[in-house]
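The primary structure of each chain is shown beneath.
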Amino acid sequence: MVKITIIGASGTIGKNVAFTLAKEDVIDEIVMYSREKSHPKVTGEVLDMYDALAAEDIDSVLTPSCNVEDIAGSKIVLITSGVPRKDGYSRLDLAVPNAKIIKEYAQDIAKYAPDSIILIVTNPVDVMTSIALEYSGFEKNRVIGLGNHLDSLRLKTILSRHFKINSGEIHTRVIGEHGDHMVPLLSSTTIGGIPLKYFAQSEDLNLEKLVNKLKNAGGDIISKKGATEYGPSYAIGNLISTIVNDTRKILTVSTYLEGEVEGVYDVSLGVPVVLCKNGIQRIIPVHMKDDEKAEFFDAARTVKKCTYKIRDLLEED
Ligand code: NAP
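Residues numbered from 1 in each chain as written. Predicted model: local features only at pLDDT ≥ 70, side-chain atom pairs only at ≥ 80, totals over all residues. Heavy atoms only, no water.

If you tally the helices and strands in the protein chain, you get ten helices and 14 strands. Relative to the compact-globule value of 20 Å for 317 residues, the protein chain shows a C-alpha radius of gyration of 19 Å, a close match. Overall size of the protein chain, expressed as C-alpha extent along the three principal axes, is 55 × 50 × 35 Å. Out of the 317 residues in the protein chain, the part that is buried amounts to 53%. With the model as given, the accessible surface of the protein chain reaches about 14,600 Å², and the carbon-plus-sulfur share is 49%. A distance of 4 Å separates the average location of the 37 positive side-chain charges in the protein chain from that of its 44 negative side-chain charges. (Helix = DSSP H or I, 4+ residues; strand = E, 2+ residues; numbered from the N terminus. Rg over C-alpha atoms; globule rule 2.2 N^0.38 Å. Buried < 20%, exposed > 50% of the residue type's maximum accessible area, 1.4 Å probe, protein only. Areas by Shrake-Rupley, 256 points an atom, 1.4 Å probe, with all protein chains shown as cover. Lys, Arg positive; Asp, Glu negative; His and termini not counted. Charge placed at Lys NZ, Arg CZ, Asp CG, Glu CD.)

Have a look at this one:
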């Protein structure tokens, strides 16, 4: 029996993920947990989803709940609760209120679903991953943040649309912070197995513009439609499907580092990992050029500084 819980289920990401996961054969039940005041809305969402699923002959079980004990037995608990990023907000502006929410839910998960894998979406996700790790007391392979997998999908889209080549031909990866200090690994990006630099030379690709477009991709969507929705939900779907199907794909997720990548430690950042049914099986070593390495160290410094500040504030609380 595979049970998944979504915390913050009334929100944009929460409800979209629920609908995406409802179509996964191997998932038996999705608990859509919300605060009590959002319970009627979540119940309405579930009824609406059932009608849509009936059109495809899918009989999933979606359980609206505002009782935290209902998370018991979950294989994965996804946390999407938090103040959403508004136009002009940096992800770090959200750190203080969201850390308090994550702390509380991480403690609940440790109590009611102690064998689960925690998947964090709430921003700033790299900082929140460390907070969830600390307050759940879980092993680090069971606390995972979504961020750079979405950035990697965005880079794939930009390259695919620029070169007018099927996105399946593009292998690329963004690591570091899910934020301004993300590090696109252009040196190891390939298109149809051919290094990007050969394409860039022949097609006059402006790499600086490309990186700026990537860094602004989320903000651009928010400024136009108020929130990001399908991209994050499908990216989360990729992570959950890889875990529940034990497909051992290499995906880029935020994880607490203890020196595995360039000696960086005591901070959560996006790095490539093998995902399996137990969460992170192992971190994959990354080959970086000197400029990419410098940017990765920058990301580590920035996220670590914020994490330390937040840790102190939570301890004082
Ligand atoms: P949203 O629509 O505003 O939903 C957020 C949900 O959080 C609300 O529906 C509510 O859920 C819960 N919530 C709000 N205030 C709360 C509080 N004070 N205490 C406890 N719960 C509270 O936001 P969204 O667009 O779904 O985004 C959710 C989070 O994901 C944000 O932090 C956003 O920045 C982040 N995000 C991350 C990525 C990524 O790649 N990591 C991508 C997109 C968005 P209930 O009422 O149902 O409990």
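Don't stop here, the text continues.
Where helix H5 (residues 148–163) meets helix H9 (residues 230–244), the closest approach of the two axes is 9 Å, and the angle between their N-to-C directions is 115°. With respect to the hand of their crossing, H5 and H9 are arranged in right-handed fashion. Two secondary-structure elements touch here, H5 through His149, Leu150 and Leu153 and H9 through Gly231, Pro232, Ala235, Asn238 and Leu239. Tallied by class, the residues present in the contact of H5 with H9 amount to five nonpolar, three polar and no charged. (Axes fitted to C-alpha atoms, helices over the stretch in contact; angles between N-to-C directions. Left-handed = near helix turned anticlockwise from the far one by under 90°. Contact = heavy atoms within 4.5 Å. Nonpolar A, V, L, I, M, F, W, Y, C, P; charged D, E, K, R; others polar.)

Attention now moves to the sheet that holds strand E7 (residues 170–171). With antiparallel pairing, the three strands of this open sheet are ordered in space as E7-E10-E11. The open sheet is flanked by E7 and strand E11 (194–195), the only strands paired with a single partner. Pairing between strand E10 (residues 190–191) and E11: two bridges, direction antiparallel. Bridging from a neighbouring strand, threonine 190 pairs with proline 195 of E11. (Pairing = 2+ DSSP bridges.)

Here we come to the site of the ligand. Close to the ligand lie 27 residues, the nearest being Ser10, Thr12, Ile13, Ser38 and Leu146. Within the side chain of asparagine 123, a nitrogen or oxygen atom sits 3.0 Å from an oxygen atom of the ligand. Burial of the ligand by the protein amounts to 84% of the accessible area it has alone, namely 930 Å². Secondary structure elements with two or more residues in the shell around the ligand: helix H1 (12–21) and helix H3 (95–112). (Near = heavy atom within 4 Å. Polar contact = N/O pair within 3.5 Å; in protein donor to acceptor, adjacent residues only side chain to side chain.)

In this section: the environment of arginine 173. Tracing the backbone through its elements, the reader meets arginine 173 in the loop between E7 and strand E8 (174–176). Put simply, arginine 173 and valine 183 are ten residues apart on the chain and 8.6 Å apart in space, counted from C-alpha to C-alpha.

With five of five residues buried, strand E1 (residues 3–7) lies mostly within the body of the structure. Because side chains alternate across E1, one face comprises the buried residues Lys3, Thr5 and Ile7, and the other comprises Ile4 and Ile6, equally buried. Running through H1, the crossover from E1 to the neighbouring parallel element strand E2 (residues 29–33) is right-handed. Across four bridges, the pairing between E1 and strand E4 (residues 76–79) is parallel. What sits directly across from isoleucine 7, in E4, is isoleucine 79. (Right-handed = clockwise from strand over helix to strand, strands pointing away.)

Given a rise of 1.5 Å per residue, 27 residues ought to cover 39 Å, and the 39 Å separating the end C-alpha atoms of helix H10 (residues 290–316) matches this to within 8%. Residues of H10 that are buried include every one of Glu292, Phe296, Ala299, Ala300, Val303, Lys304, Cys306, Thr307, Ile310, Arg311 and Leu314, and no others. Among the structural elements, H3, helix H4 (125–136), E8, strand E9 (182–184), strand E12 (250–258) and strand E13 (265–276) are those in contact with the buried residues of H10. (Expected span 1.5 Å × (residues − 1).)

This part covers a negative patch on the surface. Taken together, the side chains of Asp312, Glu315, Glu316 and Asp317 define an acidic patch exposed on the protein surface. By the element assignment, glutamate 315 lies in helix H10. (Patch = residues over 30% accessible without salt bridge, like charges linked within 9 Å, V, L, I, M, F, W, Y side chains within 5 Å. Salt bridge = Lys/Arg side-chain N within 4 Å of Asp/Glu carboxyl O.)

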